[in-house]
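Now for the letters of each chain:
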Amino acid sequence: MANLELTGILEKMTGKDKDYRYMATSDLLYELNKEGFKLDVDLEAKLSNIVIQQLDDAAGDVSGLAVKCFDLASLNTLVPLVKKIREQQVLEMTNKLCDKLLNGKEQHRDIASIALKTIVGEVPSPSIAQSVLVSISPKLIQGITAQGMSTEIKCECLDIMCDVLQKYGNVMASDHEVLLGALLSQLSLNQASVRKKAVSTIACLMICWLKLLLKLFDFCRFSYRKAEL
């Protein structure tokens, strides 16, 4: 797709007319499905920012399409935006979405949470995944433990942390001790929903430890057998 044509789509996505915004976002979804879809650096940054803005679009159908720009796996035909952009843009998206989750409007919290879960599930390479973990983990822990955080924010952060642990728990061992302390502190709260999700997240963390212990056991067994030969 020519960058000039994409520029036209992006302009319509920020227009005043709701129908134009919807059609332009739909056009973007179609383009994301193309295998050869590529952007220059400037347009990539602009696209990422506009899609983030559209998550807050007053028109629900437009913000819904914006979410699909992040996660189109359910449609089986379109490629997630997160797989089409560079590491720096993925990190900027992650930071902005975390800010929306922790400090944004209540009605947009679910959308930010869905988008963050999508980024966690769809990052295209281990190096980007590591960068995302460095960015997202402290913010989620803040959302779980900070004074004044609502029950809803705590629950969303715990849900996302479960996804993070299930996919990347073994490569974030340096965060395990701090995370466990954060989770244990939630077990004494009055909110049953927070306690329940904290227990589920602790279970995910324990599975990570078990996998690490099994790897250690296999290593020791292999080393012992090798020494016998």
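Residues numbered from 1 in each chain as written. Predicted model: local features only at pLDDT ≥ 70, side-chain atom pairs only at ≥ 80, totals over all residues. Heavy atoms only, no water.

Draft legend 1. Region of the structure containing the packing of helix α5 (residues 87-103) against helix α7 (residues 126-145). At a minimum axis separation of 10 Å, α5 and α7 run at an interaxial angle of 15°. Classified by the angle their axes make, α5 and α7 are roughly parallel. Judged by the twist between their axes, the crossing of α5 over α7 is right-handed. In contact with E87, V90, L91, T94, N95, C98 and L102 of α5, α7 contributes S127, I128, S131, V132, S135, I136, K139, Q142 and G143. Its residues assigned to classes, the contact of α5 with α7 shows seven nonpolar, seven polar and two charged. (Axes fitted to C-alpha atoms, helices over the stretch in contact; angles between N-to-C directions. Helix = DSSP H or I, 4+ residues; strand = E, 2+ residues; numbered from the N terminus. Parallel < 35°, antiparallel > 145°, perpendicular 65-115°, else oblique. Left-handed = near helix turned anticlockwise from the far one by under 90°. Contact = heavy atoms within 4.5 Å. Nonpolar A, V, L, I, M, F, W, Y, C, P; charged D, E, K, R; others polar.)

Draft legend 2. Structural view of the pattern of salt bridges. Within this structure, the stated rule accounts for one salt bridge. Between K197 and D159 there is a salt bridge; the shortest N-O distance is 3.1 Å. Residue K197 is located in helix α10 (residues 192-228), and its partner D159 is located in helix α8 (residues 151-168); the two are separated by 38 residues in the primary sequence. Judged by its relative accessible area of 26%, K197 falls in the partly exposed class. Taking the relative accessible area as the measure of exposure, D159 reaches 24% and is therefore partly exposed. (Salt bridge = Lys/Arg side-chain N within 4 Å of Asp/Glu carboxyl O. Buried < 20%, exposed > 50% of the residue type's maximum accessible area, 1.4 Å probe, protein only.)

Draft legend 3. Up close: the packing of helix α6 (residues 109-122) against α8. One way to put it is that α6 packs onto α8 with a least axis distance of 10 Å and a crossing angle of 10°. It follows from the interaxial angle that α6 and α8 lie roughly parallel. Contacts between α6 and α8 involve R109, D110, S113, L116, K117, V120, G121 and E122 from the first element and E152, I153, E156, D159, I160, D163, V164, K167 and Y168 from the second. Grouping the constituent residues of the contact of α6 with α8 by class yields six nonpolar, two polar and nine charged.

Draft legend 4. Structural context of the state of the cysteines. For the structure on display, the rule yields zero disulfides. With no disulfide of its own, C98 lies 7.7 Å from the sulfur of C157, the closest cysteine sulfur. (Disulfide = S-S within 2.5 Å.)

Draft legend 5. Focus on the confidence of the model for the protein chain. The predicted model of the protein chain has a mean per-residue pLDDT of 79, with 79% of residues at 70 or higher. Model confidence for the protein chain, summarised as mean pLDDT per element, is weakest for helix α4 (residues 60-70) at 58 and strongest for α8 at 95. Note on residues 71-80: pLDDT is under 50 here. Beyond four places in sequence and across chains, it has 18 contacts. (pLDDT = per-residue confidence, 0-100.)

Draft legend 6. Representation of the environment of E31 within the structure. Looking at where E31 falls in the secondary structure, it is placed in helix α2 (residues 18-32). E31 sits in the buried class, given a relative accessible area of 7%.

Draft legend 7. View of a nonpolar patch on the surface. A contiguous nonpolar surface patch, about 320 Å² in accessible area, is contributed by Y20, Y22 and M23. Along the polypeptide, Y22 turns up in helix α2. Note on Y22: relative accessible area 33%, which makes it partly exposed. (Patch = residues over 30% accessible without salt bridge, like charges linked within 9 Å, V, L, I, M, F, W, Y side chains within 5 Å. Areas by Shrake-Rupley, 256 points an atom, 1.4 Å probe, with all protein chains shown as cover.)

Draft legend 8. Highlighting the nonpolar core. Grouped together as the largest cluster of nonpolar side chains are 43 residues, with contacts concentrated most on V123, V132, I136, M161, V164 and L165. Take this core: its biggest share by element is ten residues, from α8. Among residues more than four places away in sequence, those in contact with V123 are V90, I128, A129, V132 and Y168. Core analysis: the second largest hydrophobic core is formed by eleven residues, I9, L10, M13 and L43 among them. (Core = buried A, V, L, I, M, F, W, Y, C linked by side-chain atoms within 4.5 Å.)

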